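Geometric and topological summary
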Amino acid sequence: MSHRRPVRRVRLAVVGAVGLALAAGLATTASATQDGHGKPAGKPAPKPTVVLVHGAWADSAGWTGVAKRLQADGYPVAAPATPLRGLGSDAAYLADYLKTIKGPVVLVGHSYGGAVVTGAATGNDNVKALVYVAAFAPDKGESIADLVGRFPGSHLSDDPNAPVPTALNAVPFTQADGGTGVDLYIKPDKFRDVFLSNRVSRSKAAALAATQRPITAQAVGEPSAEAPAWKTIPSWYLVARADRTIPPAAERFMAARAHARTIEVDGPHAVHVTDPGAVTRLIEKAAATTR
């Protein structure tokens, strides 16, 4: 019987070795499901909320094509109305709205909406990225009138000395406190050229002109009072090469000054209406950096 004992010991040793190997393999597998702190890996970080801010002579509905694409890709989307009454008050309104959103935010501004987000995002740690879509990105002390007039190419006026840009209608109104103000509309026969660079049908342009929301002359001339958010928050910029509202040269200047990651699209000022796919792709690139 003694000659069998070594064989048994060999078998036990092999079984023990196999057991150790299995245990090591299980430990390795378990560690692969943990993060660097030894905790079980959780679900992927939720996608940030994308907040779409419209500008003058438009409304939130202009973002429909972009919003649908973002929602299809799983992004929460909000498109609040911009009052268009004054730059400081509009920025404060948006800042209050942003406080109601939990988690990371990608803040997107079109046209005058860019100036609004520039002030509203300052000091809000939840805003992880700014996206400017053919938009104003003013520095402190600059107005949108300053930036339009600094570069040639806008079709808002063909007379630099005119008291009101020649493509606009001025409509006086009485304020709640009894004071007066002036609303500015793009003239219906100028809307397709100025806002859309003749890139949509006449019937669609006429419908958009009829439903445009005006901006006050005060908002156009009011200097930005806040330290610009683009100095501290990563920024992206879409330059619309065929823009006839904001000169493309002004857009490139603002994008470069903000050190924004920049793309160019052969589109009009309302590029989010005519090219929602390109706008969506840029927003999603910005959103990817927040996760």
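Residues numbered from 1 in each chain as written. Predicted model: local features only at pLDDT ≥ 70, side-chain atom pairs only at ≥ 80, totals over all residues. Heavy atoms only, no water.

**Details of the packing of helix H2 (residues 64–72) against helix H11 (residues 276–288)**
Between two packed helices, both the angle of their axes relative to each other and the distance between the axes serve to describe the pair. Heads up, the rule is: Every axis corresponds to a line fitted to the C-alpha atoms, with the helix fit spanning only the stretch in contact, and the corresponding angles, defined between N-to-C directions, vary from 0 to 180 degrees. To qualify as a helix, a DSSP run of H or I must reach at least 4 residues; to qualify as a strand, a run of E must reach at least 2; elements of each kind are numbered from the N terminus. If an angle is under 35 degrees, it is roughly parallel; if it is over 145, roughly antiparallel; if it lies from 65 to 115, roughly perpendicular; otherwise it is oblique. Each crossing is labelled by how the near helix is turned from the far one, with a counterclockwise turn of less than a right angle marking it left-handed and a clockwise turn marking it right-handed. The contact definition used throughout considers only heavy atoms, calling two residues in contact when any of these lie within 4.5 Å. Classification convention: Asp, Glu, Lys, Arg as charged; Ala, Val, Leu, Ile, Met, Phe, Trp, Tyr, Cys, Pro as nonpolar; all other residues, Gly among them, as polar.
Where H2 contacts H11, the axes come no closer than 9 Å and their chain directions differ by 50 degrees. When the axis of H2 is compared with that of H11, the two are oblique. Taken as a pair, H2 and H11 cross one another with a handedness that is right-handed. Judged by residue contacts, Gly65, Val66, Arg69 and Leu70 of H2 engage Pro276, Gly277, Val279, Thr280, Ile283 and Glu284 from H11. Among the residues making up the contact of H2 with H11, the classes are represented as five nonpolar, three polar and two charged.

**Examining the pattern of salt bridges**
As a reminder, the rule being used: The salt bridge criterion pairs a side-chain nitrogen of Lys or Arg with a carboxyl oxygen of Asp or Glu, the two atoms within 4 Å. To sort residues, take the accessible area from a 1.4 Å probe on protein chains only and compare it with the maximum for the residue type: under 20% means buried, over 50% means exposed, and anything in between is partly exposed.
Under the criterion given, the structure shown has nine salt bridges. In this structure, arginine 257 engages glutamate 142 in a salt bridge whose closest nitrogen and oxygen atoms are separated by 2.9 Å. Of the two residues, arginine 257 is situated in helix H9 (residues 248–257) and glutamate 142 in the loop between strand S4 (127–135) and helix H5 (144–149); the sequence distance between them amounts to 115 residues. Notably, a salt bridge pairs aspartate 266 with arginine 199, separated by 3.2 Å at the nearest N-O pair. Of this pair, aspartate 266 sits in the loop between strand S9 (261–265) and helix H10 (271–274) while arginine 199 sits in the loop between helix H6 (188–196) and helix H7 (202–210), placing them 67 residues apart in sequence. Since its relative accessible area comes to 44%, aspartate 266 is described here as partly exposed. The network of salt bridges with shared partners includes Glu142, Arg150 and Arg257.

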